[in-house]
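Observations on chain architecture
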Amino acid sequence: MSSSGISGRLSAGAYFCSVALLTLAGFALAMFVRPAFGHSMLQWMGLESVPQAEARSFYATRVSSLFETHCTSCHGEKRQKAGLRLDSYAALLRGSKHGAVIRPGDARNSELFIRINLPASDSRAMPPSGKTPLTPDDVTIIRLWIAQGASGVRRTIPGAPQPVPEVKIPEDAPALTEKLRAPLAAQVRRIQMEHPGILSYQSRNSAWLEVNASLQGAAFGDAQLQALAPLRARIVQVDISGTSVTDASAPFLAGMPALEVLRLGGSRITSAALAALERSNSLRSLTIGDIETSEDTLAPLRKKHIVIHGGADVR
Amino acid sequence: MENERGIHQLDLARIQAQTRRHFLGWGTGGLGAFFLNSALAKPPSHPGGENAPLDFTRDPATPLSVLPPEFAAKVKRVIYLHMGGSPSQLELFDYKPTLARFHGHDCPESFLKGKRFAFIQGVPKLLGPMFPFHRAGKSGTWISDRLPHLEQAIDELCVIKSMKTDQFNHAPAQLLVHTGDSRTGHASLGSWVTYGLGSENQNLPGFIVLISNGGTTANAGKPLWGSGFLPSVYQGVSCRSAGEPVLYLDNPKSVSRDERRKVLDAVDEINRQTYDQFGNPETVTRIAQYEMAFRMQLEASDAMDIRREPKTVLKRYGAEPGKTSYANNCLVARRLAERGVRFIQLYHWGWDSHGTPVDKGLNVGLVGRCKETDQPTAALLADLKARGLLEDTLVVWGGEFGRTPMWENRGGQEMEFIGRDHHPNCFTLWLAGGGIKKGISHGETDDMGYDIARNPVEIRDLHATMLYLLGFDYRRLNYPYQGLDQKLTGVKPARIVSEILA
Amino acid sequence: MSVEPPPTHVRVWDLPVRLFHWSIVLLIAVSWISADQGYMQIHLISGLTILALLLFRIAWGVLGSTTARFRDFLHPPGRIIGYLKGRDGNKWFAGHNPAGGLMVAALILILLTQVGTGLFANDGVRFRGPFALLVSEDTSTWLTEIHGLVFDLILLLIWCHIVAVGFYLLVKGHNLIAPMVTGKKRTEYVPPNSNLIFVRSYIALLLFAVSAGIAVWVMAQGGYAL
């Protein structure tokens, strides 16, 4: 069927060859006119090395998260406004359809920095109004990073603002909590029923216990305190202010392996018993109220970094 | 007559028939739909990942019983010192030397364009700080010379200079600070906290309000410590530090405590019969409240009685038994904290330094307010610390908005006394106590003290942070009402101010 | 009496079909460029015009002239493959040949998809399609993604279309472009007993008016005014 001889007509083979060539030429033109596309094509074909950033680099730890939060919803996987992707180090260096957005070493002339540094009233400002803006610290981080070479390797950039600490809210772990509470759960319940208001778990997700007998007054004494003996390993806080607990309970208190906070102002504990507390390795806060004591007694406790409240201030 | 009755009965029958018909007609379809909905519906997704909702149910007889926080709390109680009217941050904590240089100049147009002010009109003049500032303590925090006592405790404070609000009138601004919404109807901070945690002392209210310097109510009224949509048992109880601690708590003169007990027993019996008949748990709560009031008669008087304090302590606070004063209230606050009250709120009025009457001028009124509050506040902090309570108490001090860097010119006229108008853009608030970094400043305003330059903190961010310190994810302390899981922080996402956490 | 020489050309394409074809060509270009350069208002109007034209074309495919009707050029897959393999011999078609018919169907469907997803799309910042608020933001974003992917498919199809038409022109010597402009094919290329019926253009105008009305209604749903 190929009638290459007839004027005006091509052979099918010649035609499709031309089509193939034209298609390639079209791609080449697109790659030339849109450098970002060009680079991504070359990298995809393996003809260009894909720039990578190290996991512990300044870029990975401080810069990329900024882009993720403020930029990639429009410049990322789902959308590529102006042909720009900011969701990877390689993409960032490829730039947008207008060209490179980062000039390593020169922040002031980097289009990305120019845009994020524009006043909010400028219509070209990035992120656009309506989106969470970058804080001045964020802009400084990006500026310093570009100015220091936009490296994917460097770990620290001098002068960069400190990272904002993140608050991690602990997640519920009901099964684990249940398991940790199980051994003493029955005893805790019994004591809570017999003496309501004294014993409670530190939190819904904790198996640690807190003892607050300060509202019991004189009715709470050594016997009641030592009735908590089965639970002593799990007690982290004891408040026996104003109770009738005496020095006899001091060894018991000192022997609690997890006790961190102890308040005994207004109880019948005296200075003599305070020395016993030196034994504790967990205690970090001690309130002695107006118990008469001397610095000699308190010094060893302070040496163990136990904060002591009370004394002269209370009188 | 007959006719009318007949018609009336027919009407009734018609209405009843309609109801039956309606019910039988679409009700069954509706019932089917309800069943399908509950059978097929996924459990609602909860913020905070896959965590189940927190359960705040309690025995209705003990609505204020203690519930543990969600996770380990840094603080167990809150003392909120609200400076009503709003203290001028530019005269106390936010040092603006550039503003001082421009004192007396006309306010630039950029500050005025498109803005609404409470009272400023036309072009006011800029007003530099009225008092000298200096760095104090080891932390070098800026403070003016108006708070010499508080200065001693400056290294305990975390001063937030970048608080912001969107309300420029007292009532809605106070509501926003204390209930999370500028309109009435929402539960206050103290109500949320007592709802979530209960109170350690069942003989005292969990949430107590003490007011000084100006009547018994705030601009925004009792909703500031109201329970909103939360059960009313969580509302704040306004107590007085002079005379009867709680109005109408004491028995009338002719009624003894025994007789009161008999009355209560009778009321209890009637309420129990009501409960047997209707089974409404609110009835049980009501019984519990009467019982609590009975117990409070003894304990409240004792808690509020500052005459029992040694003279040295009274002197340290500047407290005078028998009077109503901020100093007395601070001392009472410490006593209440010791006695397991969960949320103690102090209101002190008169900080609204517009400069209109002389006692509202910066150079008179503000000076007076500082004198009244400086010593007791410092004494309270020191006292809490000495008793080991500061490490698990959160103390908050602040107003409801800031004050303008401009000299207020009410009605466009220059004023005889010096004052500043309301300024929602930025104000200062400080925190002290457990879980808070000591001796730091957070946030900055611009050179003129007009806008926030760094680290803005919304009211809801402050609330989220407070709830975090109390051991709650602010999203999970919620209450279903009007089809929404209501939260203190409202519907907008809030940010826990992690930079100030220790 | 002299016998008139037989006409050299036969009318095959009516005016509405031709106008439709070239308007779509123009509007695709306008939509492409306006989206690329960020002129979203123009993109909206262009897209809605395409919607109106597509709705019209579908109606015309049922009610229009013979060569415009779907019945005329849509063939079962077996027939299409047979045609491509050359089994139909040198049979001519007045309207679209089976392969051409396939291309028409594909383009109409894919353009409908594009317009359809576009109605729900959003650009993440300032602009959204008229129906974007009727679905969740996630759905809208997903549909926007599809809108972007389908665009590449459209480009591919257009290229195929051009290559195919070029093949007919340069290899087979059969000019398909001129007829789509003038409406007339050389008599040799039209089967003699075609019996083409042409529907009056004013009916097309009526149908287009209705389609345009629908498009305007869609635009109004998004709160956009004309």
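Residues numbered from 1 in each chain as written. Chains lettered and ligands numbered in written order. Predicted model: local features only at pLDDT ≥ 70, side-chain atom pairs only at ≥ 80, totals over all residues.

Counting its secondary structure elements, chain B contains 13 helices and 19 strands. When burial is assessed residue by residue, chain B has 49% of its 502 residues classed as buried. In chain B, the share of contacts with a sequence separation of at least 24, taken over all contacts with a separation of at least 6, comes to 76%. (Helix = DSSP H or I, 4+ residues; strand = E, 2+ residues; numbered from the N terminus. Buried ≥ 20, exposed ≤ 12 C-beta atoms within 10 Å, placed from the backbone. Contact = placed C-beta atoms within 7 Å.)

Time to look at the overall build of chain A. Secondary structure assignment for chain A yields 11 helices and six strands. Here the C-alpha radius of gyration of chain A, 35 Å, is well above what a compact globule of 315 residues would show, namely 20 Å. On the principal axes, the C-alpha backbone points of chain A span a range of 120 × 50 × 35 Å. (Rg over C-alpha atoms; globule rule 2.2 N^0.38 Å.)

This brings us to the pairing of strand S5 (residues 158-164) of chain B. Residues and elements named next belong to chain B. Of all seven residues that make up S5, seven are buried, and the element is covered over most of its length. Across four bridges, S5 lies against strand S13 (residues 427-433) in antiparallel orientation. Among the inter-strand pairings, methionine 163 is bridged to a residue of S13, identified as phenylalanine 427. In terms of strand pairing, S5 meets strand S14 (residues 440-442) through three bridges, oriented parallel. The residue of S14 that forms the bridge with isoleucine 160 is histidine 442. Both S5 and strand S17 (residues 457-458) contribute to a ladder of two bridges, which runs parallel. (Pairing = 2+ DSSP bridges.)

This next bit is on the arrangement of the chains. Take the two pairs of chains in contact: the one carrying the most contacts is chains A and B. In this structure chain B stays clear of chain C, and the shortest span between their C-alpha atoms is 16 Å.

The next point concerns the interface of chain A and chain B. With 29 residues of chain A at the contact, the number on the chain B side is 29 residues. Put simply, the parts of the chain that give the side of chain A that touches chain B at least two residues each are strand S1 (199-201), strand S5 (285-289) and strand S6 (307-310) of chain A. Here the element with the most residues in the side of chain A that touches chain B is S5(A); it accounts for three residues. Here the side of chain A that touches chain B is built from residues that sort into nine nonpolar, 13 polar and seven charged. (Nonpolar A, V, L, I, M, F, W, Y, C, P; charged D, E, K, R; others polar.)

Attention now goes to unusual backbone geometry. Residue and element names in this part refer to chain A. Along the chain, methionine 126 connects to proline 127 via a cis peptide bond; the corresponding omega equals -10°. Although it is not a glycine, alanine 82 sits at a positive phi angle of roughly 55°. You can see alanine 82 is positioned in the loop between helix H3 (58-70) and helix H4 (89-94). Unlike most non-glycine residues, histidine 305 shows phi in positive territory, near 65°. With respect to the secondary-structure elements, histidine 305 resides in the loop between helix H11 (295-303) and S6. Exposure remark for histidine 305: the 8 C-beta atoms within 10 Å place this residue in the exposed category.

For any two helices packed against each other, the geometry comes down to the angle between their axes and how far apart the axes lie. Residues and elements named next belong to chain C. In contact at an axis separation of 9 Å, helix H1 (residues 15-37) and helix H2 (residues 40-63) are set at 155° when each is read in the N-to-C sense. Taken together, H1 and H2 sit at an angle that is classed as roughly antiparallel. The interaxial crossing formed by H1 with H2 has left-handed handedness. Taken together, the residues of H2 that come into contact with H1 (itself represented by Pro16, Phe20, Ser23, Ile24, Leu27, Val30, Ser31, Ser34 and Ala35) are Ile42, His43, Ser46, Gly47, Thr49, Ile50, Leu53, Phe56, Arg57 and Trp60. Here the contact of H1 with H2 is built from residues that sort into 11 nonpolar, seven polar and one charged. (Axes fitted to C-alpha atoms, helices over the stretch in contact; angles between N-to-C directions. Parallel < 35°, antiparallel > 145°, perpendicular 65-115°, else oblique. Left-handed = near helix turned anticlockwise from the far one by under 90°.)

All names here are of chain C. Packing of helix H4 (residues 77-85) against helix H5 (residues 98-120) leaves a shortest axis separation of 8 Å and a crossing angle of 125°. Taken together, the axis directions place H4 and H5 in an arrangement best described as oblique. Of the residues in H5, those in contact with Arg79, Ile80, Tyr83 and Leu84 of H4 are Pro98, Ala99 and Leu102. Along the lines of polarity and charge, the residues of the contact of H4 with H5 split into six nonpolar, no polar and one charged.

With that out of the way, let us pick up the domain arrangement of chain A. Each assigned domain of chain A is listed with its residue range as follows: domain 1 (58-147) and domain 2 (175-314). A separation of 55 Å is found between the C-alpha centroids of domain 1 of chain A and domain 2 of chain A. (Domains from an automatic or database assignment.)

Averaged over every residue, the pLDDT of chain A is 89; residues scoring 70 or more account for 96%. In the model, residues 1-5 of chain A has pLDDT below 50 throughout and makes seven contacts with residues more than four positions away in sequence or in other chains. (pLDDT = per-residue confidence, 0-100.)

Right, let's talk about the pairing of S13(B) for a bit. Residues and elements named next belong to chain B. Where burial is concerned, most of S13 is hidden: seven out of the seven residues are buried. Here S13 shows two buried faces, one formed by Phe427, Leu429, Leu431 and Gly433 and the other by Thr428, Trp430 and Ala432. Sheet topology note: the strand S9 (residues 393-398)/S13 ladder contains five bridges and is antiparallel. Pairing of tryptophan 397 across the sheet is with tryptophan 430, part of S13.

All names here are of chain A. Strand order in the open sheet made by the six strands is S1-S2-S3-S4-S5-S6, with mixed pairing throughout. With partners counted over all chains shown, the strands left at the sheet margins are S1 and S6, one partner each. Averaged over all neighbouring strand pairs, the angle between strand axes comes to 15°, with direction disregarded. Where S5 lies against S6, four bridges are found, and the strand directions are parallel. Along S6, the bridge assignment pairs glycine 289 with glycine 310.

With that settled, the discussion passes to helix H8 (residues 257-278) of chain B. Quick reminder: α-helices carry 3.6 residues per turn. Residues three or four places apart thus point the same way. Residue and element names in this part refer to chain B. For H8, with 22 residues, the first-to-last C-alpha span of 31 Å sits near the 32 Å given by 1.5 Å per residue. Taken across its 22 residues, H8 has zero buried, putting it largely on the surface. In the stretch just after H8, glycine 279 is the one whose phi turns positive, near 65°. (Expected span 1.5 Å × (residues − 1).)

What follows covers helix H11 (residues 326-338) of chain B. Residue and element names in this part refer to chain B. In this model H11 runs 18 Å from its N-terminal to its C-terminal C-alpha over 13 residues, within 8% of the 18 Å that 1.5 Å per residue would give. The buried count for H11 comes to 12 of 13 residues, which makes it a mostly enclosed element. By the burial criterion, the buried members of H11 are Tyr326, Ala327, Asn328, Asn329, Cys330, Leu331, Val332, Ala333, Arg334, Leu336, Ala337 and Glu338. Just downstream of H11 lies glycine 340, where phi reads positive at about 85°.

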